[in-house]
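Residue-level structure breakdown
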Amino acid sequence: MKIYSLHSKQNLPISLDEAWEFLSNPKNLKTITPNYMGFEILSGADRPMYPGQLIQYIVTPVLGIKTKWVTEITHVVDKKFFVDEQRFGPYALWHHKHFLKEIDGGVEMEDIVDYKVPMGILGQMVQPIIVQPKLNEIFEYRRKKLIELFGEFK
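A short tour of the structure in this document, coming up. Keep in mind the model is a prediction, meaning the values are calculated, not measured.

**Here we look at the packing of helix 1 (residues 16-23) against helix 2 (residues 120-150)**
It is at 13 Å that the axes of helix 1 and helix 2 come closest, and there the two elements cross at 125°. Taken together, the axis directions place helix 1 and helix 2 in an arrangement best described as oblique. Crossing handedness for the pair helix 1 and helix 2: right-handed. Listed contacts from helix 2 to Glu18, Phe22 and Leu23 of helix 1 are Leu146, Leu149 and Phe150. Classifying every residue of the contact of helix 1 with helix 2 gives five nonpolar, no polar and one charged.

**Some thoughts on the sheet that holds strand 4 (residues 67-77)**
If you trace the seven strands from one edge of the open sheet to the other, you get 1-7-6-5-4-3-2, paired in antiparallel fashion. With one partner strand each, in any of the chains shown, strand 1 (4-12) and strand 2 (40-43) form the two edges of the open sheet. The average angle at which neighbouring strand axes cross in this sheet is 25°, direction not considered. With seven bridges connecting them, strand 4 and strand 5 (residues 81-88) associate as antiparallel partners. In the sheet register, His75 faces strand 5, and the bridge partner there is Val83.

**Thoughts on the pairing of strand 6 (residues 93-103)**
Across five bridges, strand 5 lies against strand 6 in antiparallel orientation. Residue pairing across strands places Val83 opposite Lys97, the latter belonging to strand 6. Once strand 5 ends, the chain turns through four residues before running back antiparallel as strand 6, passing Gly89 with a positive phi of about 160°. Examined bridge by bridge, strand 6 and strand 7 (residues 106-116) share eleven bridges and lie antiparallel to one another. Bridge pairing in strand 7 places Glu102 opposite Val107. If you look at the hairpin formed by strand 6 and strand 7, you'll find two residues sitting between the two strands, and Gly105 has a positive phi there, around 85°.

**Thoughts on the layout of surface pockets**
Here the largest pocket defines a volume of roughly 960 Å³. As for the largest pocket, its lining consists of 47 residues, and the residues nearest its centre are Met37, Trp69, Tyr91, Trp94 and Leu135. Looking at the lining of the largest pocket, the elements with two or more residues in it are helix 1, strand 3 (53-59), strand 4, strand 5, strand 6, strand 7 and helix 2. Its residues assigned to classes, the lining of the largest pocket comprises 33 nonpolar, nine polar and five charged.

**Observations regarding helix 2**
Remark: the principal bend of helix 2, roughly 70°, maps to Gln127, with a proline, Pro128, within the next four residues. By the burial criterion, the buried members of helix 2 are Gly123, Gln127, Val131, Leu135, Ile138, Phe139, Arg142, Lys145, Leu146 and Phe150. Residues of helix 2 that are buried make contact with strand 1, helix 1, strand 6 and strand 7.

**As for the packing of aromatic side chains**
What describes a pair of aromatic rings is the distance from one ring centre to the other and the angle between the planes of the rings. Considering all chains together, one arrives at ten aromatic pairs under this definition. Ring plane angle 40° and centroid distance 5.8 Å describe the contact between Phe81 and Phe99, whose orientation is recorded as tilted. With Phe81 in strand 5 and Phe99 in strand 6, the pair connects residues that are 18 residues apart, well separated along the chain. On the basis of relative accessible area, Phe81 is assigned to the partly exposed category, the value being 24%. Through pairs of rings, three or more aromatic residues link up here, namely Tyr4, Trp69, Tyr91, Trp94 and Tyr115. Just above the ring of Phe139 sits the side chain of Arg142; from NZ or CZ to the centre is 4.9 Å.

The rules behind these values
- Residues numbered from 1 in each chain as written.
- Predicted model: local features only at pLDDT ≥ 70, side-chain atom pairs only at ≥ 80, totals over all residues.
- Heavy atoms only, no water.
- Axes fitted to C-alpha atoms, helices over the stretch in contact; angles between N-to-C directions.
- Helix = DSSP H or I, 4+ residues; strand = E, 2+ residues; numbered from the N terminus.
- Parallel < 35°, antiparallel > 145°, perpendicular 65-115°, else oblique.
- Left-handed = near helix turned anticlockwise from the far one by under 90°.
- Contact = heavy atoms within 4.5 Å.
- Nonpolar A, V, L, I, M, F, W, Y, C, P; charged D, E, K, R; others polar.
- Pairing = 2+ DSSP bridges.
- 1 Å grid on protein atoms, 1.4 Å probe; cavity = no way out; pocket = protein on both sides within 12 Å on 5 of 7 lines; lining within 4 Å.
- Points joined across faces, edges and corners; volume = space filled by probe spheres on them.
- Bend = angle between axes of the 7 residues up to and from the residue.
- Buried < 20%, exposed > 50% of the residue type's maximum accessible area, 1.4 Å probe, protein only.
- Phe/Tyr/Trp six-rings, centres within 6.5 Å; stacked < 30°, edge-to-face > 60°.
- Lys NZ or Arg CZ within 6 Å of the ring centre and 35° of its normal.

Below, the structure written as structure tokens:
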């Protein structure tokens, strides 16, 4: 069983409070997800984030195939970090840690995603060709969208 990791850091010129308010609100996920993903929240985003919260989405990651994705918010430490884990969806494992840290002139946002692709050896063969590039593309879109929304860190 191969577990892959994606690591991303971005500095934003906003306060920790503003960053937390935006990033910890599940409704804002649609804003920072590429339109072609067909991201739609079905349920669970009607209150502030809390441990045990289940959020159901529809996404269209490849070939126009709609996929249901259910994540659970497993850990929340106000203005420091939160963790979401897939309970049902396209991955065999999805564990996403979101960290925020106040820095001079803004906030550092760090994402660490540990994931496992389904379908055994076939999934492992497709991972570097389709899955990893797609995840990199999604996180790059997110990086650019956050700059568009909040400005570039100087």
